[in-house]
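Chain residues, written in single-letter form:
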Amino acid sequence: MTKFQERVFSGVQPTGTLHLGNYLGAIKNFVELQNKYNCVYCVVDQHAITVDQDPKELRSNILEVLASFIAAGVDYKKQIIFQQSSVPAHSQLAWVFNCVSRIGWLNRMTQFKDKAGKNKENVSVGLMVYPNLMAADILAYLATHVPVGDDQKQHLELTRDLAIRFNNTYGDTFIVPKAYQPKTGAKIKSLSDPTKKMDKSSENQKSYILLLDDLNQVKNKIKSAVTDSEAKIYYDVENKPGISNLLTIDAALLKTTIEERVSHYKDMSYQDFKLCVADHIVAALKPIQEKYHALIKDPSLDAILDTGRDQAKMIAH
Ligand code: AQP
């Protein structure tokens, strides 16, 4: 298979404004991969409805994710961007995978356990079978590479298991895809509790940086990020999760290594270090925000989704 037959697929849920973890773990890589592969990027609204949604808000979130993709550098003229629910093949294939997948596999998914918590009997069936739909998203396009953050790696493993099980039972049909993960940034942690992942459903707004946050607010959030009392900058996820998280964010933004960042900052105070990291985040977000605010008012956003839908349908069908 040549590079040009290899295909990238990835999706992002329209469940609110995207955060720095979504950007560094996924969207920044969408942009890098589009120079090497044919890419299909999806706004996965059917995943979003596994929990209750306000329909009006969901509609505006779909356009917000689309505008964020383009503002971050995804080229909609060369790549396919579309809305999941506009291509029926996703839910059709998901049903087939509901019949191929095993309840035991889904019961082992840590994201389901985390999201359902003690409420397991009362969450939607959709939340449990979500990984089967994710497998359908990817396998319908015979994708070879899937850029995802760490939290989605287990779901991608399940996708691979489904492809293998289907192929073994019914004949060679699906490509078994590989995860594509950035060297740094696959798991950006919460600023207020750096042992947990940065997550937009956190109740503490200081725990995450949204791509559309006011830039002064971004600086304040970094200033108040939880660190430790040692006042020495080095990378140690176990004992210095806060400093290690900021080093990871900085390295990912500057496309360099954590070692290089450590040697750059090792003699700085925490205060100066935080100011530098904040400046780098602001420098990355500013052009994205400018493009975003111009785009979101553009009535042609819907037409971009329509074109993407037609192109996606041709492949998935
Ligand atoms: N903290 C993170 N670090 C790196 N990558 C991350 N991703 C999410 N959080 C981080 C990656 O972003 C892509 C899109 O994520 P999603 O739309 O599937 O949302 P999610 O995984 O459910 O994460 P959120 O945004 O934090 O939402 P909630 O609060 O609902 O859990 C994926 O590739 C994901 O790995």
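Whatever comes next refers back to the structure up there.
Since this is a predicted model, take the numbers as computed values, not measurements.

Colleague: Now, about the overall build of the protein: what can you tell me, with residues and values included?
Modeller: Secondary structure summary: the protein contains 13 helices and five strands in total. Since a compact globule built from 317 residues should have a radius of gyration of about 20 Å, the 20 Å found for the protein is in line with a globular shape. Seen along its three principal axes, the alpha-carbon backbone of the protein occupies a region of about 60 × 45 × 45 Å. Expressed as a percentage of contacts within the protein between residues at least 6 apart in sequence, the contacts between residues at least 24 apart total 75%. Total accessible area computed for the protein in this model is approximately 15,500 Å², and 51% of it derives from carbon and sulfur atoms. Separation of charge centres in the protein, based on 39 positive and 36 negative side chains, amounts to 3 Å.

Colleague: So what's going on with the nonpolar core? Residues and values would help.
Modeller: Counting 64 residues, the largest nonpolar core has Y23, F69 and I281 as the members making the most contacts within it. Per-element accounting of this core gives the leading share, 11 residues, to helix α12 (residues 270-295). The next biggest cluster of nonpolar side chains, apart from the first, holds 38 residues, and it includes V87, A89, F112 and A143.

Colleague: Provide a residue-level description of the packing of aromatic side chains, including the pertinent values.
Modeller: Inspection of every chain in the model, using the stated rule, returns 10 aromatic pairs. Taking 5.6 Å as the distance between ring centres and 75° as the angle between the ring planes, the aromatic pair formed by F30 and F69 counts as edge-to-face. With a gap of 39 residues between them, F30 in helix α1 (residues 20-33) and F69 in helix α3 (residues 55-72) connect regions that are remote in the sequence. Take F30 and F69: they sit in the same class, and that class is buried. Where Y41 meets F69, the ring centres are 6.5 Å apart and the plane angle is 70°; that geometry is what we call edge-to-face. With Y41 in strand β2 (residues 38-43) and F69 in helix α3, this residue pair connects regions lying 28 residues apart in the sequence.

Colleague: For helix α7 (residues 125-139), give the residues involved together with the corresponding values.
Modeller: Compared with the 21 Å implied by 1.5 Å per residue over 15 residues, the 21 Å span of α7 between its first and last C-alpha is a close match. The largest bend in α7 comes to about 40°, at P131. Here α7 lies mainly inside the structure; 11 of its 15 residues are buried. Among the residues of α7, L127, Y130, P131, N132, L133, M134, A135, A136, D137, I138 and L139 are the ones counted as buried.

Colleague: Lay out the site of the ligand with the relevant residues and their values.
Modeller: Close to the ligand lie 21 residues, the nearest being Q13, D151, D199, K200 and S201. One nitrogen or oxygen atom from the side chain of N22 is found 3.1 Å from an oxygen atom belonging to the ligand. The contact in question runs from an oxygen atom of the ligand to an N or O atom on the side chain of K200, over 2.5 Å. For the ligand, the accessible surface in isolation is 650 Å², of which the surrounding protein chains cover 96%. A class-by-class count of the residues in the shell around the ligand yields six nonpolar, nine polar and six charged.

Colleague: Describe the pattern of salt bridges, and please don't skip the residues or the numbers.
Modeller: All chains considered together, the criterion is met by 16 salt bridges. A salt bridge links R261 to E260; the nearest nitrogen and oxygen atoms lie 2.9 Å apart. Taking the shortest distance from any N to any O, the salt bridge between R309 and D306 comes out at 3.5 Å. One end of the pair is R309 and the other is D306, both in helix α13 (residues 301-316) and three residues apart, which spans about a single turn. You can call R309 partly exposed: its relative accessible area is 24%. Salt bridges sharing common partners tie together K28, E32 and K255.

Colleague: Describe in detail the pairing of strand β1 (residues 7-12), supporting the description with residues and values.
Modeller: Where β1 meets β2, six bridges bridge the pair, whose relative direction is parallel. Bridging across to β2, V8 finds its partner in C39. With α1 bridging β1 and the parallel β2, this β-α-β connection has right-handed handedness.

Colleague: Could you give an account of the environment of L162, with specific residues and numbers?
Modeller: Note that L162 resides in helix α8 (residues 153-170). A relative accessible area of 0% means that L162 is categorised as buried. C-alpha separation for the pair L162 and N98, spaced 64 residues apart in sequence, amounts to 9.8 Å. Once residues lying within four places of it in the same chain are set aside, the contact partners of L162 are F97, V100, S101, W105, N132 and A135.

Colleague: Give a detailed account of the side chain of S68, specifying residues and quantitative values.
Modeller: Structurally, the position occupied by S68 is in helix α3. Overall, S68 belongs to the buried group, its relative accessible area being 5%. Not counting residues up to four positions away in its chain, the partners in contact with S68 are L18 and Y292.

What counts and how
Residues numbered from 1 in each chain as written. Predicted model: local features only at pLDDT ≥ 70, side-chain atom pairs only at ≥ 80, totals over all residues. Heavy atoms only, no water. Helix = DSSP H or I, 4+ residues; strand = E, 2+ residues; numbered from the N terminus. Rg over C-alpha atoms; globule rule 2.2 N^0.38 Å. Contact = heavy atoms within 4.5 Å. Areas by Shrake-Rupley, 256 points an atom, 1.4 Å probe, with all protein chains shown as cover. Lys, Arg positive; Asp, Glu negative; His and termini not counted. Charge placed at Lys NZ, Arg CZ, Asp CG, Glu CD. Core = buried A, V, L, I, M, F, W, Y, C linked by side-chain atoms within 4.5 Å. Buried < 20%, exposed > 50% of the residue type's maximum accessible area, 1.4 Å probe, protein only. Phe/Tyr/Trp six-rings, centres within 6.5 Å; stacked < 30°, edge-to-face > 60°. Expected span 1.5 Å × (residues − 1). Bend = angle between axes of the 7 residues up to and from the residue. Near = heavy atom within 4 Å. Polar contact = N/O pair within 3.5 Å; in protein donor to acceptor, adjacent residues only side chain to side chain. Nonpolar A, V, L, I, M, F, W, Y, C, P; charged D, E, K, R; others polar. Salt bridge = Lys/Arg side-chain N within 4 Å of Asp/Glu carboxyl O. Pairing = 2+ DSSP bridges. Right-handed = clockwise from strand over helix to strand, strands pointing away.

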